[in-house]
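Here's the letter readout for the chains.
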Amino acid sequence: MSETSRTAFGGRRAVPPNNSNAAEDDLPTVELQGVVPRGVNLQGRYPQENKGTYIPVPIVSELQSGKWGAKIVMREDRSVRLSIQSSPKCIVGKFRMYVAVWTPYGVLRTSRNPETDTYILFNPWCEDDAVYLDNEKEREEYVLNDIGVIFYGEVNDIKTRSWSYGQFEDGILDTCLYVMDRAQMDLSGRGNPIKVSRVGSAMVNAKDDEGVLVGSWDNIYAYGVPPSAWTGSVDILLEYRSSENPVRYGQCWVFAGVFNTFLRCLGIPARIVTNYFSAHDNDANLQMDIFLEEDGNVNSKLTKDSVWNYHCWNEAWMTRPDLPVGFGGWQAVDSTPQENSDGMYRCGPASVQAIKHGHVCFQFDAPFVFAEVNSDLIYITAKKDGTHVVENVDATHIGKLIVTKQIGGDGMMDITDTYKFQEGQEEERLALETALMYGAKKPLNTEGVMKSRSNVDMDFEVENAVLGKDFKLSITFRNNSHNRYTITAYLSANITFYTGVPKAEFKKETFDVTLEPLSFKKEAVLIQAGEYMGQLLEQASLHFFVTARINETRDVLAKQKSTVLTIPEIIIKVRGTQVVGSDMTVTVEFTNPLKETLRNVWVHLDGPGVTRPMKKMFREIRPNSTVQWEEVCRPWVSGHRKLIASMSSDSLRHVYGELDVQIQRRPSM
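The shown structure was predicted, so the numbers you read here are calculated from the model rather than taken from an experiment.

Reading the values: the criteria
Residues numbered from 1 in each chain as written. Predicted model: local features only at pLDDT ≥ 70, side-chain atom pairs only at ≥ 80, totals over all residues. Heavy atoms only, no water. Helix = DSSP H or I, 4+ residues; strand = E, 2+ residues; numbered from the N terminus. Contact = heavy atoms within 4.5 Å. Areas by Shrake-Rupley, 256 points an atom, 1.4 Å probe, with all protein chains shown as cover. Lys, Arg positive; Asp, Glu negative; His and termini not counted. Charge placed at Lys NZ, Arg CZ, Asp CG, Glu CD. Core = buried A, V, L, I, M, F, W, Y, C linked by side-chain atoms within 4.5 Å. Buried < 20%, exposed > 50% of the residue type's maximum accessible area, 1.4 Å probe, protein only. Pairing = 2+ DSSP bridges. Salt bridge = Lys/Arg side-chain N within 4 Å of Asp/Glu carboxyl O. Axes fitted to C-alpha atoms, helices over the stretch in contact; angles between N-to-C directions. Parallel < 35°, antiparallel > 145°, perpendicular 65-115°, else oblique. Left-handed = near helix turned anticlockwise from the far one by under 90°. Nonpolar A, V, L, I, M, F, W, Y, C, P; charged D, E, K, R; others polar. Phe/Tyr/Trp six-rings, centres within 6.5 Å; stacked < 30°, edge-to-face > 60°. Lys NZ or Arg CZ within 6 Å of the ring centre and 35° of its normal. Patch = residues over 30% accessible without salt bridge, like charges linked within 9 Å, V, L, I, M, F, W, Y side chains within 5 Å. Polar contact = N/O pair within 3.5 Å; in protein donor to acceptor, adjacent residues only side chain to side chain. Expected span 1.5 Å × (residues − 1). Arc of directions from axis to C-beta. pLDDT = per-residue confidence, 0-100.

Draft legend 1. View of the overall build of the protein. Of the regular secondary structure elements, the protein holds 10 helices and 38 strands. For the protein, long-range pairs separated by at least 24 residues make up 65% of all intrachain contacts whose partners lie at least 6 apart in sequence. Surface exposure of the protein reaches about 31,400 Å², of which carbon and sulfur atoms provide 49%. Averaged over its 72 positive side-chain charges, the protein has a centre that lies 4 Å from the centre of its 86 negative ones.

So, in structure tokens, the structure goes:
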């Protein structure tokens, strides 16, 4: 590691920032001491020991825990073999190694040899390291596993997709070091996982620092790759390194996938987390205000907060010596550019334990993460006279379910209780009060303003909806009183981005219901494919909002739900021997189930240890037609592997397929 050269100004040396792992000076093979003969030029400069960029490794009789040292383990003729131990506080990055001999006249040093360059990473196997993780199964999952599962969709219809992290692929480690160089991160801070993860959360997005990925949520992906087409991080990171420009385009799960690669590649245990019904609360007041007109329609001008169907972020494992005891362990870090933090679009690391207990005073960005999982949904009627009346408070909608991939399998692990106590528990109330005390803005006082509970309950269900097919929505009204009521109900059906932002209303319907005492009634609404297909967005997400006014009491009932249409899958087949070093044929197959022709179809294929990422274009796929793509692969990693494919076109995206394969070792001769 080295610094860029110093510049002399009027007899003083201006030392430039020490922020590039790639930059280096040629160290002389001879450093003379004492009187310097004429003609010897000692200009130039050296890495600094006090910055950790220059490390003399002493030869010792016994290695000492926590210290640099080299022990002779074998002597043979004129050569020796050394066992070298690094310090757990060492800077992470690429070091140039030299052998130096001290003589009475100075230092003799070997010539620069790139073959001896050495990478030093964080070490979760080392008890003295800041990222030490004491469970071997967890280390295998959160550091060594190069394939992950990302959960998306909707809380009642959870969908999964595999993601190739590829942290061991050629060029990825150098790219991760380049990312820190592009951030101009001081080398001396690169042994601190708190600083490294915070820099990473800023640099994975390109919002303000020419980072790795450009975000786009408007369904327009000209001059780039749609977020749903990526199958892993390798293509993205290598393109960023080779072009030295941000890659287009990403959304939250793509940012999280690339950030997970960055963290695991550097040795920091990391995992992707999905929060269903995630609040994007701009002012972190723990309140999502949904304003209604007097007739029950949503007032889109006043309603500014959005609820994401789901949001993916990362957790990184580390100690937090900057916080009180007990707040180490999993830290929430988020590279999706949502809000500004200390002048840059980044988030975290925020202690998950601190978030659970409401200690949002501890850095970094804990109030924002706390609001993502703990906000209340407040339904407010905006009256024509300018007054606002709170109609309903839903304290259980936000942060409904928080999940990650299970250890050692592809299933789902519920980690909601690591972020929040169960609703209604005394501890949950205490955590909220603690968060308010520590500066989270106090929500609207609903005491006395909120109406008494209505005698009528309303709920609705959306049946399993398949892309291109009709489906039904059933609304149930239940009268719990001895009175007869008449109800005017309103349904609004919208095409939405997964961030909860509506694109277009594709259906609206008003209907009247009469409820006899102590009875219930169901109303069915048919949603036709022709109503939604023309405007469908990337993730085929539909949002339904039902409001009802009880005419006799003027009470307003409100419910909202999202559904994600079931999308056809890609089929992957393999034939031939599945052995390291042997050829096998991979076939990718897709049938167009729609009544329209798909155009500009890109199919991506990936599989860490089996094949490099590759892609193929089909100009069009006619209705009910099938396309096939064959590639010959030669695996280089044995064990359980996974092939992952995606398909994107002008009118259909988020199409995936995957296949588990067991690659055998090459037989010994």
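Draft legend 2. Up close: the nonpolar core. With 71 residues, the main nonpolar core has I236, W253, F262 and L266 as its most contacted residues. For this core, the element with the most residues is helix 5 (residues 252-265), which contributes 10 residues. Contacts of I236, omitting those with residues within four sequence positions, involve W163, V212, L213, W230, V247, V254 and V258. Counting 58 residues, the second largest nonpolar core, distinct from the first, contains L515, L598, V601 and C633.

Draft legend 3. Structural context of the pairing of strand 38 (residues 655-663). Bridging between strand 37 (residues 639-648) and strand 38 involves 9 bridges; their strand directions are antiparallel. The partner of H640 across the bridge, within strand 38, is Q662. Linking strand 37 to strand 38, which pair antiparallel, is a turn of 6 residues; within it H654 sits at a positive phi near 60°.

Draft legend 4. Just the pattern of salt bridges, in detail. Counted by the stated rule, this structure contains 26 salt bridges. D157 serves as the salt-bridge partner of K159, at 3.4 Å between the closest nitrogen and oxygen. Looking at K159, the relative accessible area reads 15%, which means it is buried. A salt bridge links D459 to K561, with the shortest nitrogen-to-oxygen separation between them at 3.2 Å. Placement of the pair is D459 in strand 25 (residues 456-462) and K561 in strand 31 (residues 556-564), with a sequence separation of 102 residues. What emerges from the salt-bridge pattern is a single network uniting D410, K642, E658 and D660.

Draft legend 5. Local environment of the environment of R346. Note on placement: R346 falls in the loop between strand 19 (344-345) and strand 20 (347-351). Judged by its relative accessible area of 17%, R346 falls in the buried class. When near neighbours in sequence (up to four residues on either side) are disregarded, R346 contacts R198, S201, A202, D334, E339, S341 and D365.

Draft legend 6. Expanded view of the sheet that holds strand 25. The strand order across the open sheet formed by 3 strands is 25-26-29, and the pairing between neighbours is antiparallel. Looking at strand neighbours, the two that pair on one side only are strand 25 and strand 29 (520-527), the edges of this open sheet. Shown here is a sheet whose adjacent strand axes are inclined to one another by a mean of 15°, direction ignored. In this structure, strand 26 (residues 471-479) lies alongside strand 29, joined through 8 bridges in antiparallel fashion. Each residue of the ladder has a partner; that of F471, found in strand 29, is I527.

Draft legend 7. Seen up close, the packing of helix 2 (residues 172-182) against helix 4 (residues 234-243). Running from N to C, helix 2 and helix 4 point in directions that differ by 55°, and their axes come no closer than 10 Å. Accordingly, the angle class assigned to the pair helix 2 and helix 4 is oblique. Here the hand of the crossing between helix 2 and helix 4 comes out left-handed. Judged by residue contacts, I172, T175, Y178, V179 and R182 of helix 2 engage V234, L237, L238, Y240 and R241 from helix 4. Here the residues of the contact of helix 2 with helix 4 are counted per class, giving 7 nonpolar, 1 polar and 2 charged.

Draft legend 8. Representation of helix 7 (residues 366-374). For helix 7, a buried count of 8 out of 9 residues is recorded, marking the element as mostly surrounded by other parts of the structure. Within helix 7, the full set of buried residues consists of A366, F368, V369, F370, A371, E372, V373 and N374.

Draft legend 9. Local environment of the packing of aromatic side chains. Summed over all chains, the structure comprises 18 aromatic pairs. With 6.0 Å between their ring centres and 70° between their planes, W253 and Y498 make a pair best called edge-to-face. Of this pair, W253 sits in helix 5 while Y498 sits in the loop between strand 27 (485-496) and strand 28 (502-515), placing them 245 residues apart in sequence. Across the pair, exposure class does not vary: W253 and Y498 are buried alike. An aromatic cluster of at least three residues, connected via ring pairs, comprises Y152, W253, W308, Y310, Y498 and Y656. Between the NZ or CZ atom of K356 and the centre of the ring of F421, over which it lies, the distance is 4.7 Å. Directly above the ring of W602 sits K615, whose terminal nitrogen or CZ lies 5.3 Å from the centroid.

Draft legend 10. Expanded view of a nonpolar patch on the surface. There is a patch of nonpolar side chains on the surface, built from V57, I59, V80, L82, I84 and M97 and spanning about 490 Å² of accessible area. Considering the arrangement of structural elements, one finds M97 in the loop between strand 6 (93-95) and strand 7 (100-103).

Draft legend 11. Layout of the side chain of S646. With respect to the secondary-structure elements, S646 resides in strand 37. In terms of polar contacts, S646 uses its side chain to reach the backbone carbonyl oxygen of A229, at 2.5 Å.

Draft legend 12. Layout of helix 9 (residues 426-437). Between its terminal C-alpha atoms helix 9 stretches 16 Å, which fits the 16 Å expected from 12 residues at 1.5 Å a residue. Looking at helix 9, one finds that the buried residues are E428, A431, T434 and A435. For helix 9, the angular spread of the buried residues around the axis is 120°, confining them to a single face. Set apart from the buried face of helix 9 by more than 90 degrees, the exposed residues are E426, R429, L430 and M437. Each element contacted by the buried residues of helix 9 is listed here: helix 6 (352-356) and helix 7.

Draft legend 13. How the structure looks around the confidence of the model for the protein. When pLDDT is averaged across the protein, the result is 88; 92% of the residues are at 70 or more. Counting contacts from residues 2-11, a segment whose pLDDT is below 50, to residues more than four positions away or on other chains yields 33 contacts. A low-confidence stretch, residues 36-45 stays under pLDDT 50, and its non-local contacts, those more than four residues away or across chains, total 10 contacts.

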